[in-house]
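# Structural overview for review
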Amino acid sequence: MKKGIPNKLKSSNGYYYLLPFRFERINQEKEILINEVGDYLICDIGTASKIVNRQIDVKSNFFGELISNYFISKEPIPALLNLLANRYRTKKSFIDNFTGLHIFVLTLRCNHLCHYCQVSRKNEKNELFDMQYENIDLSINLMFKTPSVAITMEFQGGEPLLVFNKIKYSIERVKKLNKIHNKKINYVICTNLTLVNDEILTYCLDNDILISTSLDGPKNIHDENRLRSNGPSYESVVNALNFAKKRIPLDRISALMTTTRMALNHPKEIIDSYIENGFNHIFLRAISPYGFAAKNKNKNEYETEKFVEFFKIALDYIIKLNNEGVYFVEDYTALILKKILTPFPIGFVDLQSPSGLINGVVVYNYDGYVYASDEARMLAESGDYSFRLGKISDNYNDLFYGEKAKEISENGSLEALPGCSECAFQVYCGADPIRNYVSQGDTVGYRPTSNHCFKNKSIISHIINLINDGRNNENEIFRSWI
Amino acid sequence: MITYSKERNLITCLVDSSIYNMDIIFKCFYWYGKLFSIEICKKEDFVEILIEKKEGIIDEVMFNKLRLKIKQDLIDFKTRDIVTKETKSVRELIIAKAFSNLSDEEEDIIFTSPVDR
Ligand code: SF4
């Protein structure tokens, strides 16, 4: 036998070789086998052991299934290795494109007083927390240096519409420079909507800008979470939403919710409020331990088990609505489904390995610095600059490929992390070194007590169980979401 | 062999090192670290694993559940270890081929935040 060629062992009536795959129990009876490119087979518990111990009958249909799904091979090096390598490359092709999401924090000022504000907003009058024009120009220059052909320029805050003049300035400058660079650019404004007016909406419409707003559910939940300096904000958000919907197509407006402790008891009401407001999708998002969210623990801290329970109830309800003819999508599930059911990667930076830090996203902050992600700049507001790449005025190569970038990227691959390296869900999951750092003290993290791991493992196996069970039409519904 | 000492609130697990190598043992007991403090000692031809509950006591019911789980987990991690080691070369080959010879025909992947799905 040649060195490095895997063992060929005789099965009951033939030979086969193993190909890389991982497995995990998904319930009392079933386990899932997942190969290197994310193809899966759901089988009885003990199947992986039978495969490894060459107990699979080579004349059985299952043997054929294992061969055609690249779990085993009749040859030491499968004839279709190139195809497998191509599939692997496609799954990881987000790396080739490098940074696609460029977040511009033009101000940290906000006209809201949300108790869970993860960015630690500043008073709406304090202009010291706005980005200087010079830094806007330099940030745009850095953004154009990315090798990615398609980029998203996202304006965040604080409340970015407090500096709409700077948003306009940025977009006009980008449009001008893009005549040379010729990139595909999407614009997103993340806003609480309360400052929108005709001028802003017309500009958004003319420039195909996507509006992303925050809606935490019905009035009682939204107002509990999202106060304005002059009182509750639900009415003004819904009025602004209705005003915006008259001027720009609804598919250019989306909303995000944040799950607070109060929200945990109201999954159905939250979904109903999204439907009432004309949305056909929701992103069920757990709160992150940054900024004021970490300080106001009584309203924001809960066990991840409770979030997973909330998520499952909400997903069941959404499936029921779909069965009743209401097309409605849960976005996190749809992202995971894309990873499970298609050969393609997704652009969502939290579900990538290598992690989306720098690779997928960077932040140009009002303070004149570049950060490795949105969470990195949130952390900086608490005085921790561990994920700060350097000054906006620094050289692109030093910022994006320098020592700091290397150090940050070091523990960003699930393939090399303890616990993750042999986890079957690795292909569907994502690395989150900053979350590890914040909640567990270092970027490697510790999976047995990691909330990120528990959440992803629970949600991914729940989705797989739903696909496998399929008694409520889940397969058809899920396929319509991707 | 898995035994339980009520007095010491301790589970002792003796594992034959000719069947289960240290990689398997470390990877298996890594996942017990949330609730238990784990001590792994290499002896002559076996490995001794001491499992102590971080908080509270290990009762008979818990011990019986744990015993079954440990046996099953050891088999699962041994199976994983075999797959990992037997497929190491082919895995390296897939990755090497995947990242060599990158063509220009890659599709544009548009990075999106959750808002613009
Ligand atoms: S974080 Fe958890 S679920 Fe995700 S790959 Fe790692 S071990 Fe698996």
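Residue numbers restart at each chain and count upward from 1, following the sequence in its written direction. Here the convention is simple: chains get letters from A, ligands get numbers from 1, in the order in which they are written. Only residues with pLDDT of 70 or above have their local features reported here, since the model is predicted, and side-chain atom pairs are shown and tallied only from 80 upward, although totals for entire chains, interfaces and linings are computed over all residues. Hydrogen atoms and water are omitted, and side-chain values are computed over all heavy atoms in the structure.

The next subject is the overall build of chain A. Each helix corresponds to a stretch of at least 4 residues labelled H or I by DSSP, and each strand to a stretch of at least 2 residues labelled E; elements are numbered beginning at the N terminus. When its secondary structure is counted, chain A shows 20 helices and 20 strands. Whereas a compact globule of 482 residues would reach a radius of gyration of roughly 23 Å, chain A reaches 24 Å, a difference of no more than 12%. In terms of overall dimensions, chain A has a C-alpha envelope of 80 × 50 × 40 Å along the principal axes. Each residue gets one of three labels from its accessible area relative to the maximum for its type: buried under 20%, exposed over 50%, partly exposed in between, using a 1.4 Å probe on protein chains only. When each of the 482 residues of chain A is scored for burial, the buried share is 59%. Taking the contacts inside chain A whose residues are at least 6 apart along the sequence as the reference set, 69% of them involve residues at least 24 apart. What the globule rule says is 2.2 Å times the number of residues to the power 0.38, and the radius of gyration is computed from C-alpha atoms. Two residues qualify as a contact provided that any one of their heavy atoms is within 4.5 Å of a heavy atom in the partner residue.

Glancing now at helix α5 (residues 133-144) of chain A. Every helix has an expected span of 1.5 Å times one less than the residues it contains. Compared with the 16 Å implied by 1.5 Å per residue over 12 residues, the 17 Å span of α5 of chain A between its first and last C-alpha is a close match. Among all positions of α5 of chain A, only Asn135, Ile136, Asp137, Ser139, Ile140, Leu142, Met143 and Phe144 of chain A are buried.

As a further point, take the site of the ligand. For the ligand, the full set of nearby residues is Gly419, Cys420, Cys423, Gln426, Cys429, Arg447, Cys453 and Lys457 of chain A together with Trp31 of chain B. Here a residue is considered near a molecule or strand provided that any single heavy atom belonging to it is located within 4 Å of it. Per-site note: the chains with residues close to the ligand are chains A and B. All residues other than Ala, Val, Leu, Ile, Met, Phe, Trp, Tyr, Cys, Pro, Asp, Glu, Lys and Arg, Gly among them, are scored as polar; the first ten of these are nonpolar and the last four charged. Looking at the shell around the ligand, its residues break down into 5 nonpolar, 2 polar and 2 charged.

Residue and element names in this part refer to chain B. Ordered in space as β1-β2-β4-β3, the 4 strands form an open sheet in which the pairing is antiparallel. Each edge of the open sheet carries a strand with a single partner, namely β1 (2-5) and β3 (36-42). Each strand of the sheet is rotated relative to its neighbour by a mean of 20°, with strand direction disregarded. Think of it this way: DSSP has to see at least two bridges between two strands before they count as a pair. Pairing analysis gives 4 bridges linking β1 to strand β2 (residues 10-16), with the strands arranged antiparallel. Looking at β2, one finds that Ser5 is bridged to Leu10. To obtain each axis, a line is fitted to C-alpha atoms, and for helices this fit is confined to the stretch in contact; angles are then taken between N-to-C directions over 0 to 180 degrees. With respect to the sheet, helix α1 (residues 22-30) is in contact with β2, β3 and β4 (46-53), its orientation differing from that of β3 by roughly 170°. Running over the sheet, helix α2 (residues 60-86) touches β1, β2, β3 and β4 and is turned about 155° from β1.

Residue and element names in this part refer to chain A. Salt bridges are defined by distance alone: a side-chain nitrogen of Lys or Arg within 4 Å of a carboxyl oxygen of Asp or Glu. As enumerated under the stated definition, the model contains 27 salt bridges over all chains in all. The partner of Glu36 in a salt bridge is Arg22, with the nearest N and O atoms 3.6 Å apart. With Glu36 in the loop between β4 (30-35) and β5 (40-44) and Arg22 in strand β3 (residues 21-25), the pair connects residues that are 14 residues apart, well separated along the chain. Note on accessibility: Glu36 and Arg22 belong to one class, buried. With its nearest N and O atoms 3.2 Å apart, the salt bridge here joins Glu199 to Lys168. With Glu199 in helix α7 (residues 198-206) and Lys168 in helix α6 (residues 164-181), this pair connects stretches of sequence that are 31 residues apart. The class for Glu199 is partly exposed, based on a relative accessible area of 45%. According to the relative accessible area criterion, Lys168 is partly exposed, its value standing at 30%.

What follows concerns the environment of Asn126 of chain A. Residues and elements named next belong to chain A. Mapped onto the elements of the fold, Asn126 is located in the loop between β9 (122-123) and α5. Taking the relative accessible area as the measure of exposure, Asn126 reaches 28% and is therefore partly exposed. Residues Asn126 and Thr107 lie 19 residues apart in sequence; the distance between their C-alpha atoms is 9.7 Å.

For interface size, the figure often reported is the accessible area lost on association. Of the residues lining the interface, 40 residues belong to chain B; the matching set on chain A comes to 71 residues. Each partner contributes to the roughly 4,900 Å² buried at the junction of chain B and chain A, and carbon and sulfur atoms together form 62% of this total. Our count for the chain B to chain A interface comes out at 4 salt bridges. One salt bridge in this structure joins Arg91 of chain B and Glu36 of chain A, with 2.9 Å as the shortest N-O distance. Here a polar contact is taken to be a pair of N or O atoms separated by no more than 3.5 Å, where protein atoms must pair a possible hydrogen donor with a possible acceptor and residues adjacent in sequence count only if both atoms sit in side chains. Across the contact surface, chain B and chain A share 10 residue pairs in polar contact (both at pLDDT 80 or more). In this description, buried area is defined as the sum, over both parts, of the accessible area (probe of 1.4 Å) that is lost when the two are combined.

This part covers the sheet that holds strand β7 (residues 101-105) of chain A. All names here are of chain A. Spatial ordering of the open sheet is given by β15-β12-β11-β10-β7-β18-β19-β20, a layout of 8 strands whose pairing is mixed. Where the open sheet ends on each side, the last strands, each with one partner, are β15 (253-256) and β20 (388-391). For this sheet, the mean angle separating the axes of adjacent strands, direction not counted, is 25°. Bridge count between strand β11 (residues 184-190) and strand β12 (residues 209-214): 4 bridges; the pairing is parallel. Within the sheet, the bridge partner assigned to Val188 lies in β12 and is Leu210. Of the strands in this sheet, β7, β10 (150-156), β11, β18 (361-364) and β19 (369-371) are in contact with α5, which crosses β7 at around 175°.

With that settled, the discussion passes to the nonpolar core. Of all hydrophobic cores here, the largest spans 129 residues; its most connected members are Ile358 and Tyr364 of chain A. Take the buried Ala, Val, Leu, Ile, Met, Phe, Trp, Tyr and Cys residues and link them wherever side-chain atoms come within 4.5 Å; each set so joined is a nonpolar core. Counting 21 residues, the second-largest nonpolar core is a separate cluster that includes Tyr4, Val15, Ile49 and Ile58 of chain B.

Attention now goes to the confidence of the model for chain A. Residue and element names in this part refer to chain A. Summary statistics for chain A give a mean pLDDT of 91 and a share of 94% for residues scoring 70 or more. On a range of 0 to 100, pLDDT expresses the predictor's confidence in each residue. Ranking the elements of chain A by mean pLDDT puts strand β1 (residues 9-11) last with 55 and α5 first with 98. Scored below 50 in pLDDT, residues 1-6 makes 9 contacts in the model with residues more than four places away or belonging to other chains.

What follows concerns helix α18 (residues 433-440) of chain A. In an α-helix there are 3.6 residues to a turn, and that puts residues three or four apart on one side. Residue and element names in this part refer to chain A. Those residues of α18 that sit buried are Pro433, Ile434, Arg435 and Asn436. At its buried positions, α18 is contacted by α15 (374-380) and α19 (451-469). After α18 finishes, the residue Gly441 shows a positive phi value of roughly 95°.

What follows covers the packing of helix α14 (residues 331-341) of chain A against helix α20 (residues 474-481) of chain A. Residues and elements named next belong to chain A. Two numbers describe how α14 lies on α20: the axes approach to 9 Å, and their chain directions differ by 100°. One element, α14, and the other, α20, form an angle in the roughly perpendicular class. Residues Thr333, Ala334, Leu337 and Leu341 of α14 touch α20, and the partners they reach there are Phe478, Arg479 and Trp481. When its residues are assigned to classes, the contact of α14 with α20 shows 5 nonpolar, 1 polar and 1 charged. Angles below 35 degrees are treated as roughly parallel, those above 145 as roughly antiparallel, those between 65 and 115 as roughly perpendicular, and all remaining angles as oblique.

Residue and element names in this part refer to chain A. For the bond from Gly157 to Gly158, the omega torsion is 15°, close enough to zero to count as cis. Note that Gly158 resides in the loop between β10 and α6. With a phi close to 60°, Phe98 is a non-glycine residue in the positive phi region. Residue position: Phe98 is located in the loop between α4 (94-97) and β7.

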